[in-house]
Structures are given as C-alpha cells and as structure tokens.
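Chain and residue survey
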Amino acid sequence: MSLHFKVSKYLLPYRILQFKRKWEALQYSAPESVAQYQLERIKKVIKHCRQHVPYYRDLFQENDIHPQDIHSLRDLQKIPELSKDILREQQERMVSEKGWHFLREQLLTSGTTGDKISIWVNPVARAQEFVRYWLFFQRGGYGIGKSFAEFSSDFFIDQENPLQVLSQKNPITNQLLLNTSYICQENARQYLDLMRKNKVLFVKSRPSSLYIFSQYIQEQGAIDLGIQCVFTIGEPLHIHQRQVIEKTFGCQVLDFYGHMERVVALSECTHGRMHVDEGYGLVEFQDVSNHSEEDGSRKSRLLGTTMHNLLMPFIRYDTGDLVEPDNTGQPCPCGNTSRVVKRIYGRTEDVIISQDGATYPALFLIFNMISGIKMGQIIQDDLLFFRVNIYPDNELYNKTQEEELLFYLKKYLGQNASIDIHIVDVKGFDYGSSGKFRSVISSVGSSWQ
Ligand SMILES: [Zn+2]
C-alpha cells in the first residue's frame, strides 16, 4: 500500500474484503485448513497456466504434467523450479494470453545481473497487495485514515527536481511522503518537523534510509514524536539497524519481506516472529544444508508459487534468497499458527566470500561489537582486498577501536587479507548505482549462489 497509489486501481472492494476476511481467519487456522485453501488456489493457477501461459504449456507438455494430476501440494514438486535466469529469458512467454489489457500494470524488478525484468499484475494482484499491507499494518495498531509517513525515493525520482521536493501530503489517506533520494543533516531536520506538524503515528521505510535518517537525528538528541510503530520493507533489516531505529523512534519496528513477483510474503508480529502470509502465496522451503549449523539451524532456499495473479503466474519460483525456517514447532504467543522464518539472509551481494570459500552473510555485525562505530560498510573487491568505511563517534573511536576492528576483520577474512579502513561521514559511503545503503558490498559475493 504505497502512499501514492491511485485509489481507482484498488476498486475491487468485494475482492479486498474477501481476501481480508479469509486471510485473517487463515492466520489462526489449523494447517489442514490452510493447505486446503492453498490447494484450491493452486489448482486454478495450474489449470490457467496449462490453457493460457505459453511457457507453462510447453513445460507441462515436455514433462508430461497434467492439471488433473495435482491432488495435493506435494504434487507440485513434479513441476520443475523456475529460476531467475529462466524468468529473464522467458518473461514474455510467461504472460497469460488472457491479457487483462486495459487493467494490467507493469512493474519492473532487477534480475540477477541488475537488468530489468517486467512483472505484469492484474487488478486481483493489486487487491492482494493492498490486503497484505492492511493486515500487516494492523499488527502495529494502524487503521485506515491514521496519520502515516512513508520514506520513499521511488515517487520523487520521477519529479522534475527530485532533490528539491522534500515531501508530498495526501490528505485523503492522511499520508505524508518524504523524499529519500538523498538524506542530509538539513533535510533530516525538516522531515522531523514535518512529521511533528502532521502528528505522524506510523512510519514506513526501507531500513537503510531510516537508519541513515536516525543517525542524523540522533545527533539532535532524543526525540519524542509519539510514533506508535515503524514498518520496514524492501531490503533486509539488519540487527544493528533495528536497534538504532527502535532507539531513535522509541517504538517497535515490524519488518516485512516480499517481492514484486507476488509469490512470497513474510511479516513480523509484535512478538518478533516472521510469519509466512499463507493466504498470499504458496511458500516452499528447500533445505540446502548438508548439515545443521552449530546452533542446530538449517538454511533453505525460499521458493514461492502464485496464488492470485493469473496474468503472470510463477510456479516454484526461486527467489534467490536463503532463509532459516523455524522447525521447533513452538506456537507463537500472538496466536498466529502460520509457519515462522527465524532468519532471512541478505541478498547474494551482501555476502562476503573469504579465500577459503566460507560465506559470511552477516559480517557487518562486527561493527556492533566495537564501540564508537556509528555506521560501517565493508566493500570486497576481490578475495583478498577489502575496503572498510567507518563513520565514527569521535569521542569513542580511536586507535584502540581501529586495532580491535582490524583484529576481528582479519580473524574472518584471513591474516593475509588486505584491509583498508577509511574514516568517512554519512555522505562518504558507497551507495552504488541504486543509491541504497548496503552494509556489505561484494563483487565476489554477488556471483555466489
Ligand atoms: Zn507471532
């Protein structure tokens, strides 16, 4: 539910209410009822794919798959997975011949190599997206019409002077858009004033934007905005970011995971557990661990199957992300009975590969271990060469901390690794072509799967 959505696009009130009622109930249903709903939807999707989607028509024929052979969710395993590479090559043949020509919408997402891929959605998929946000925001106390601020660069990037327009208010939805094309001390202060003036109760943002914003406003001392909940979305929320944001805003952060492909939605509850939104898409975990990690956890690839967007359906789509499902079977105190994901690993470019082939998806945690580091970034240029940017708290960071940092980095990256530490300010970090802050940038890790 982006703040700048066109209300007309969402005028499927019956479908919206139907989804909301059903998915709300599913959150507290027995697994058998959830599976039954999912199977009903999946059967419709498979039948549609066989009749109207060229890519799947051929795939089913080649593999001798018939819609009437799908009797359980397990039967879905007969259908080969869909990789991002196949999606890139076959994207046009994955669009349903049924078309929805006048009502469809094109979304663009990045492929594995940064190239753009078109995702087509129909009005039902827009209702689907609206409801998933609605249910998620409700967990933090939000109700439609309550004052809401969204940090965004997407909306402003299209404007004539994207760096000069700071905000836009939508009085109908009572939502305030704040421009994060760039954040500096000056506009951070102005955003703070705008939020106060608009009596904002809820905030939605990419974690990296809010993290940088928090760094700036913390320098102005404690703020008491009366924010009830912060919702993060769009990229992995790291532990150190959560800590800083929660401290700055004085409220809980609830995190949210999803894709434009509309097949996987995970959302956090107030008890800090990331639940699978079982009504949204069919989520599949494919175990990739040869053995359990030291703490008993196991990593899985995250796959998803379309349940609603028949315009461009995906079956067993590999999101490219790794997760750690919670297999303890312990019920969540919030009452939600859906599956839980304990951890979501950052996208592949956030993984450091060391010379002995080990992968470090969370090396940025080193920055939490050393006092005096406000923000840190590790850039890996090759297996042995690392640049590390540090935005220090000058009162706490000195030679001792730098030696400690170097000690830990060498511990993970190898004693012969070349590590250059640079002291920078917020503007001195590498934001890449996307303009998004990433704690770890690795040209080696980006090719890792
Ligand atoms: Zn829960």
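Residues numbered from 1 in each chain as written. Predicted model: local features only at pLDDT ≥ 70, side-chain atom pairs only at ≥ 80, totals over all residues.

Let's shift gears to the nonpolar core. Counting residues in each nonpolar core, the largest one holds 76 residues, and the members touching the most others are Val 200, Phe 202, Val 203 and Val 230. For this core, the element with the most residues is helix 5 (residues 123-139), which contributes seven residues. In this view, Val 230 contacts Val 203, Leu 210, Ile 245, Phe 249, Cys 251 and Val 253; residues no more than four positions away in its chain are not counted. Counting residues in each nonpolar core, the second largest holds 19 residues, with Phe 386, Val 388, Tyr 391 and Leu 405 among its members. (Core = buried A, V, L, I, M, F, W, Y, C linked by C-beta atoms within 7 Å. Buried ≥ 20, exposed ≤ 12 C-beta atoms within 10 Å, placed from the backbone. Helix = DSSP H or I, 4+ residues; strand = E, 2+ residues; numbered from the N terminus. Contact = placed C-beta atoms within 7 Å.)

Spatially, four strands are ordered 19-18-17-20 in an open sheet, and the strand pairing comes out mixed. Bordering the open sheet on either side are strand 19 (418-423) and strand 20 (440-442), each of which pairs with just one other strand. Strand-to-strand twist in this sheet, taken as the mean axis angle between neighbours without regard to direction, amounts to 15°. Two elements, strand 17 (residues 373-380) and strand 18 (residues 385-392), share seven bridges in a ladder whose sense is antiparallel. From the neighbouring strand, Gln 380 faces strand 18, where its bridge partner is Phe 386. (Pairing = 2+ DSSP bridges. Axes fitted to C-alpha atoms, helices over the stretch in contact; angles between N-to-C directions.)

Hydrogen bonds between backbone atoms are what pair the strands of a sheet, whose relative direction is either parallel or antiparallel. The mixed open sheet is built from twelve strands, whose spatial order is 4-5-3-6-7-8-9-10-14-13-12-11. Only two strands of the sheet have a single neighbouring strand rather than two, namely strand 4 (167-170) and strand 11 (281-287). Across this sheet, the average inter-strand angle for adjacent strands is 30°, counted without regard to direction. Looking at chain direction, strand 3 (residues 148-152) and strand 5 (residues 175-179) are connected through five bridges and run parallel. Its bridge partner lying in strand 5, Glu 150 is registered against Leu 177.

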